[in-house]
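Read off the chains here:
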Amino acid sequence: MFFQISQIQIGQRIIELRKKKQLSQEDLAKNVGISRPSLTQIELGKRSINIIELQKFAQVLGFSLDDFMSEGFTTDGVIISEEAEKPKTVTDRVSVPSLQISKFKNVLLYILERCAGKPNVGETVLYKLLYFSDFNYYELYEEHLTGANYSKLPFGPVPQNLDTIINQMIDFNQIQRIKSVYHGFPQTRYLPLEKADLTALKASEKEIIDRVIEQMSDWSASAVSNYSHKDIPWMASKDGEDINYELAFYREPPFSVRNYEEDIEL
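Presented here is a report on the structure given in the accompanying data block.

The rules behind the values
- Residues numbered from 1 in each chain as written.
- Predicted model: local features only at pLDDT ≥ 70, side-chain atom pairs only at ≥ 80, totals over all residues.
- Heavy atoms only, no water.
- Salt bridge = Lys/Arg side-chain N within 4 Å of Asp/Glu carboxyl O.
- Helix = DSSP H or I, 4+ residues; strand = E, 2+ residues; numbered from the N terminus.
- Buried < 20%, exposed > 50% of the residue type's maximum accessible area, 1.4 Å probe, protein only.
- Phe/Tyr/Trp six-rings, centres within 6.5 Å; stacked < 30°, edge-to-face > 60°.
- Lys NZ or Arg CZ within 6 Å of the ring centre and 35° of its normal.
- Expected span 1.5 Å × (residues − 1).
- Arc of directions from axis to C-beta.
- Axes fitted to C-alpha atoms, helices over the stretch in contact; angles between N-to-C directions.
- Parallel < 35°, antiparallel > 145°, perpendicular 65-115°, else oblique.
- Left-handed = near helix turned anticlockwise from the far one by under 90°.
- Contact = heavy atoms within 4.5 Å.

### A closer look at the pattern of salt bridges
Pairing between side chains of opposite charge can happen when the charged atoms of each approach one another.
Then, in step 1: With the rule as written, the count across this model stands at 15 salt bridges.
Then, in step 2: A salt bridge links E26 to R36; its shortest N-O distance comes to 3.8 Å. Placement of E26 in helix α2 (residues 25–32) and of R36 in helix α3 (residues 36–43) is noted, with a sequence separation of 10 residues between them.
Then, in step 3: Close ionic contact of K46 with E252 constitutes a salt bridge, the shortest N to O distance being 3.0 Å. Of this pair, K46 sits in the loop between α3 and α4 (51–61) while E252 sits in the segment after α12 (232–235), and the two are 206 residues apart along the sequence.
Then, in step 4: Looking at K46, the relative accessible area reads 31%, which means it is partly exposed.
Then, in step 5: For E252, a relative accessible area of 41% puts it in the partly exposed group.

Right, dumping it as structure tokens:
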């Protein structure tokens, strides 16, 4: 019986029940014992659900397993408590990024230490290495790495206020700006004049940055830009507007860095 309906149908039914109960994703995930990003994946039909988890959903949302798995399931028979019937405003948790300037500078210096010697790493590649470091870390740990806001621009995500930070680092002799030509196109590059303070980075942060560098630092500007254009957070954002970090939880392979199948809170 359990496998007669698809993951997408299961997700849609859970959404209907959650909304009827007037529960936020955060509330439902907490009561069931999974993370909110994992619930997002379940509701999208991108993560499977085992029988133990389904039983927990049944207890919280008030449905019978037989009815839920049947072809003609509706939410009409679901009992709504008096508290749930009262009008209320429910919002999902949204972590608002707040730029940590010192952390951002150290991440930038660390990336430049490892990549500045590569002729392909101009501004475009550098911006994408920063973007994927930030968004990959957020998807995996639900915490901000640098807290930088990124805008959706034609060549991909670009960190806001970067010019101000770059100019400040140049004034403080932390980095040097170099204008050059690469494959016939003008290129702006940056060289580190001092080492990053690695004590300012957690091991988990450095690991994510290292993975991004290993994956993308040899890509051309056009290749890394095209890749970023296929990432859900960029695709789902409007031109010129901020890219919402929460959209990282809607990613699909090869962009997703989180194993939602094993993402169960004990």
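### With respect to the packing of aromatic side chains
What characterises a pair of aromatic rings is the spacing of the ring centres plus the angle enclosed by the ring planes.
Then, in step 1: If you walk through the whole model with that rule in mind, you get 13 aromatic pairs.
Then, in step 2: Between F63 and F68 the ring centres are 4.5 Å apart and the planes differ by 20°, which places this aromatic pair in the stacked class. For the pair F63 and F68, one class covers both residues: buried.
Then, in step 3: Each residue in the set Y131, F132, F135, Y138, Y150, W219, Y227, Y245, F249 and F255 is aromatic and connected to the rest through ring pairs, giving one cluster.
Then, in step 4: One residue, K152, lies across the ring of W234, its end atom 4.2 Å from the ring centre.

### Quick word on unusual backbone geometry
Peptide bonds are trans in most cases, and residues, glycine excluded, mostly fall at negative phi.
Then, in step 1: For the peptide bond that leads from P253 to P254, omega is 5°, which places it in the cis range.
Then, in step 2: Considering the arrangement of structural elements, one finds P254 in the segment after α12.
Then, in step 3: Within the chain, Q22 stands out as a residue other than glycine whose phi angle is a positive 60°.
Then, in step 4: Structurally, Q22 is set in the loop between α1 (7–20) and α2.
Then, in step 5: Judged by its relative accessible area of 27%, Q22 falls in the partly exposed class.
Then, in step 6: Non-glycine residue N161 carries a positive phi angle of around 60°.
Then, in step 7: Note on placement: N161 falls in the loop between β2 (156–159) and α9 (162–171).

### Looking at α1
An α-helical turn contains 3.6 residues, so a residue and the one three or four places further along point in the same direction.
Then, in step 1: Taking 1.5 Å per residue as the helical rise, α1 with its 14 residues ought to reach 20 Å, and the 20 Å between its terminal C-alpha atoms agrees with that figure.
Then, in step 2: Of all the positions in α1, only I10, G11, R13, I14, L17 and R18 are classed as buried. All buried residues of α1 lie within an arc of 165° about the axis, which places them on one face of the element.
Then, in step 3: Once α1 finishes, Q22 follows within two positions and takes phi at roughly 60°, a positive value.

### Regarding the packing of helix α7 (residues 101–115) against helix α10 (residues 203–216)
Then, in step 1: It is the contact of α7 with α10, at a shortest axis distance of 11 Å, that shows an interaxial angle of 40°. Viewed along their axes, α7 and α10 adopt a mutual orientation that is oblique. The chirality of how α7 crosses α10 is right-handed. On the side of α7, the interface is formed by K103, V107, Y110, I111, R114 and C115, while α10 contributes E205, K206, I209, D210, I213 and E214.

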